[in-house]
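# Overview (structure and organization)
Residue strings, one per chain:
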Amino acid sequence: PTAMREVFLETPKVRWSDIGGQHDIKKRLQQAVERPLKHPQRMHRLNVKSKKGVLLYGPPGCSKTLTVKALATEAGLNFLAVKGAEILSMYVGESERSLREIFRKARAARPSIIFFDEIDAIAGRRSNNSQGGVNVLTTLLNEMDGIEELRNVLVIAATNKPDVLDPALMRPGRLDNILYIGPPDFEARKEILRIWASKSVLHKEVDLEVLAARTEGYSGAEMVSICETAGDAALDEEEETQQEQEVCLRHFEYALGQVRRQITDA
Ligand code: ATP
């Protein structure tokens with residue numbers, strides 16, 4: 001491979017209403033972004049600096065990425081998404097160059113969000129890191145510290161493994177707004193089911209409350225997978241019977257047997 005894949009500005013289309021639950025997280029992120037844009041004078045008066053960085057951590061498939069995309073859409077921010085491992089490169093110095101380039105693009109496109117998914121790939125503890133890894137981390141810290149210029153650029157990072165991150169990353173002024181995004185609770189699962197159901201055709205026998213109660217411990221991604229598996233089963237039946245089907249309880253029963261809980265059955 002030659003140069004790394006170029007990172008482009010994206011325009012996500014995810015809305016808050018596409019995400020079940022996580023109301024507290026949505027509110028906190030909205031505040032972090034909207035306050036400095038809408039009320040800079042209030043912040044100045046109380047001597048509160050705007051946040052530069054947010055760290056989202058929690059198990060896979062629980063809406064970290066979805067949430068950052070919705071934040072960008074709803075707040076009208078440009079969005080640059082980078083996966084940690086994509087930054088790492090075989091060539092000496094190239095990872096650092098691409099990292100600086102990402103920040104440059106984000107500044108040019110502000111107000112904007114840089115989203116580092118799987119940040120652990122580039123920001124592991126320096127003591128456990130190869131020389132190349134340390135250089136990438138140092139570049140990241142330097143870019144985040146370039147304070148004034150970072151105004152209206154929010155850095156959001158996500159990880160499933162917060163314990164491996166270098167503590168320097170979470171110092172005040174860096175990724176110091178640390179938020180846990182956990183598996184969906186009962187209400188959140190009900191909302192995820194409702195969101196899916198609103199775009200499908202469910203038989204009236206299907207009780208979303210009951211389904212939500214029976215899916216404790218499933219991630220958001222697994223909840224969606226249950227819905228799609230049930231939808232698939234209904235489609236299969238439609239083909240067999242040559243008759244239009246609704247998604248019925250038996251389809252959900254089948255789906256519950258198919259989709260395994262992977263984040264909580266450790
Ligand atoms: P990873 O750590 O694997 O990157 P993540 O926490 O970033 O996971 P997302 O990519 O946001 O997870 O979620 C994966 C998919 O799961 C989403 O595209 C969506 O279909 C579904 N999903 C997860 N949580 C929710 C939720 N709360 N509401 C609606 N859909 C959800």
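Our subject is the structure listed above.
My aim in this report is to walk through the structure given alongside it, one point at a time. Just so you know, these numbers come straight off a predicted model, no measurement behind them.

## Digging into the side chain of E191
Mapping E191 onto the fold places it in helix α7 (residues 186-197). At 3.0 Å, the side chain of E191 forms a polar contact with the side chain of H23. Excluding anything up to four places from it in sequence, E191 contacts I19, G20, G21 and H23.

## Looking at the packing of α7 against helix α9 (residues 220-241)
Running from N to C, α7 and α9 cross one another at 40 degrees; their axes reach a closest spacing of 10 Å. On the basis of their axis angle, the class for α7 and α9 is oblique. Relative to α9, α7 is oriented so that their crossing is right-handed. The residues of α9 that touch α7, namely those facing R189, I192, L193 and W196, are G220, M223, V224, C227, E228 and G231. Residue composition of the contact of α7 with α9, grouped by class: 6 nonpolar, 2 polar and 2 charged.

## Describing the packing of α9 against helix α10 (residues 249-258)
Helix-helix packing is described using two parameters, namely the angle between the two axes and the distance between the axes. Taken N-terminus to C-terminus, the directions of α9 and α10 make an angle of 125 degrees; their axes are 8 Å apart at the nearest point. With respect to their mutual orientation, α9 and α10 come out oblique. For the element pair α9 and α10, the recorded crossing hand is right-handed. Residues I226, C227, T229, A230, A233, A234 and E237 of α9 pack against R250, H251, F252, Y254, A255, L256 and Q258 of α10. Tallied by class, the residues present in the contact of α9 with α10 amount to 9 nonpolar, 3 polar and 2 charged.

How each quantity is defined
- Residues numbered from 1 in each chain as written.
- Predicted model: local features only at pLDDT ≥ 70, side-chain atom pairs only at ≥ 80, totals over all residues.
- Heavy atoms only, no water.
- Helix = DSSP H or I, 4+ residues; strand = E, 2+ residues; numbered from the N terminus.
- Polar contact = N/O pair within 3.5 Å; in protein donor to acceptor, adjacent residues only side chain to side chain.
- Contact = heavy atoms within 4.5 Å.
- Axes fitted to C-alpha atoms, helices over the stretch in contact; angles between N-to-C directions.
- Parallel < 35°, antiparallel > 145°, perpendicular 65-115°, else oblique.
- Left-handed = near helix turned anticlockwise from the far one by under 90°.
- Nonpolar A, V, L, I, M, F, W, Y, C, P; charged D, E, K, R; others polar.

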